[in-house]
Amino acid sequence: MEGFTGEKSFTMQTMQKILIVEDEQTIAETVELFLKKEGYQTERAANGKRGLELWRAFAPDLIILDIGLPELDGLEVLKTIRNTDSVPIVMLTARSEEIDQVLGLGLGADNYITKPFSPRVLVAHIQAMLKRNNQEEDTQDVIRIENIEINNYEMTARVSDTELNLTPTEYKLLHHLAKTPGRVISRWELLEVSMPESDALERVVDTHVKNLRQKLDEAGAKDIISTVWGTGYKLNLSA
């Protein structure tokens, strides 16, 4: 990491850092090789405890996190990180049933990939996620609805004086809903806006909206998002 200035660049991938938390050495080494060829800085951890240590020390721009880890499993690692950090997280799962477990717990992963997978496909997903999170379009866009303020330049959202600790996916869902308040937006449209590179099903949107609602409720914007059964969601003009 010699020469790193601490400033993120939107044009140089070499400034972007990725943490790989995976106990299967062959998978971890292969993924790291592909990422380094694309110019990313990488760190690797073979267990959950070490993964948390590197997350704190390395301050990655994105984390690749396996669920089945020794010492501390991936779900506990995800939960710990999400307590304070909205860094994009891609979960690696050995079984599709594990995705159901992550969704059921509502822990806030941004993407899910089931093993076995193509490292090239994973890298493409990562590139799309980082590009999406670093986009500078609509930088002056500030939306105010009720007591909510969404600042797309800072990628922050506030309810009155309380800043919401949103994941990138939750932020993009809120921003898209707030651009056309009162309009019913389908789950598919929300999935395309918030996770266009994902292979996830529409039900993933329900989990992210559930987490978003909880954060809004706790900050004082209760019931601002309504469910339109069989269709999707809308942001209410008055809650």
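Residues numbered from 1 in each chain as written. Predicted model: local features only at pLDDT ≥ 70, side-chain atom pairs only at ≥ 80, totals over all residues. Heavy atoms only, no water.

Participant: I keep staring at the sheet that holds strand β7 (residues 148–151) and nothing clicks. Help me out?
Facilitator: Strand pairing within a sheet occurs via backbone hydrogen bonds; the two strands may be parallel or antiparallel. Taken together, the 4 strands give an open sheet; going across it, the order is β6-β7-β8-β9, and neighbouring strands pair in antiparallel fashion. Both outer strands of the open sheet, β6 (142–145) and β9 (162–163), are each paired with one neighbouring strand and no more. Note: strand β8 (residues 156–159) against β9, 2 bridges, orientation antiparallel. In the strand pairing of β9, Val 159 is matched with Thr 162. Its contacts with the sheet place helix α6 (residues 168–179) against β6, β7 and β8, and it is angled at close to 110° to β7. (Pairing = 2+ DSSP bridges. Helix = DSSP H or I, 4+ residues; strand = E, 2+ residues; numbered from the N terminus. Contact = heavy atoms within 4.5 Å. Axes fitted to C-alpha atoms, helices over the stretch in contact; angles between N-to-C directions.)

Participant: For this particular structure, what's the right way to read the pattern of salt bridges?
Facilitator: Side chains bearing opposite charge may pair, as long as their charged atoms lie close to each other. Here the structure, examined in full by the defined rule, presents 12 salt bridges. Where Glu 24 meets Lys 115, a salt bridge forms, and the shortest distance between an N and an O atom there is 3.2 Å. One end of the pair, Glu 24, is in the loop between β1 (17–21) and α1 (25–37); the other, Lys 115, is in the loop between β5 (111–114) and α5 (119–134), and 91 residues separate them in sequence. Exposure remark for Glu 24: the relative accessible area of 38% places this residue in the partly exposed category. Lys 115 sits in the buried class, given a relative accessible area of 13%. Residues Glu 53 and Arg 50 are paired through a salt bridge, measuring 3.1 Å at the closest nitrogen-oxygen approach. Taken as a pair, Glu 53 and Arg 50 lie in helix α2 (residues 48–58) at a separation of 3 residues, close to a single helical turn. Residue classification places Arg 50 among the partly exposed positions, given a relative accessible area of 39%. Each of Glu 22, Glu 24, Asp 66 and Lys 115 takes part in one network of salt bridges that share partners. (Salt bridge = Lys/Arg side-chain N within 4 Å of Asp/Glu carboxyl O. Buried < 20%, exposed > 50% of the residue type's maximum accessible area, 1.4 Å probe, protein only.)

Participant: Looking at this structure, how should I read the packing of aromatic side chains?
Facilitator: In this description, a pair of aromatic rings is defined by centroid distance and the angle of the planes. Counted by the stated rule, this structure contains 0 aromatic pairs. The ring of Phe 34 carries Lys 37 above its face, with NZ or CZ at 5.9 Å from the centroid. (Phe/Tyr/Trp six-rings, centres within 6.5 Å; stacked < 30°, edge-to-face > 60°. Lys NZ or Arg CZ within 6 Å of the ring centre and 35° of its normal.)

Participant: What is the right way to look at the environment of Ile 148 in this model?
Facilitator: Within the secondary structure, Ile 148 sits in strand β7. Considering only alpha carbons, one finds Ile 148 and Arg 158, 10 residues apart in sequence, at a separation of 5.6 Å. Beyond its immediate stretch of four places on either side in the chain, Ile 148 contacts Ile 143, Arg 158, Val 159, Leu 216, Ala 221 and Ile 224.

Participant: Explain the confidence of the model for the chain here, please?
Facilitator: As a general rule, the predicted coordinates of low-pLDDT regions are not to be interpreted in detail. Here the chain shows a mean pLDDT of 82. Residues at 70 or above account for 82%. Low pLDDT, under 50, characterises residues 1–14; the predicted model gives this stretch 18 contacts beyond four residues in sequence or across chains. (pLDDT = per-residue confidence, 0-100.)

Participant: So what exactly am I meant to see when it comes to the packing of α6 against helix α7 (residues 187–194) here?
Facilitator: Packed helices, taken two at a time, are described by the angle between their axes plus the distance between the axes. Between α6 and α7, the shortest axis-to-axis distance is 9 Å and the interhelical angle comes to 125°. Our classification of the angle between α6 and α7 gives oblique. Our pair here, α6 against α7, has a crossing hand that is right-handed. The residues of α7 that touch α6, namely those facing Thr 169, Lys 172, Leu 173, His 176 and Leu 177, are Glu 189, Leu 190, Val 193 and Ser 194. Of the residues in the contact of α6 with α7, the class split is 4 nonpolar, 3 polar and 2 charged. (Parallel < 35°, antiparallel > 145°, perpendicular 65-115°, else oblique. Left-handed = near helix turned anticlockwise from the far one by under 90°. Nonpolar A, V, L, I, M, F, W, Y, C, P; charged D, E, K, R; others polar.)

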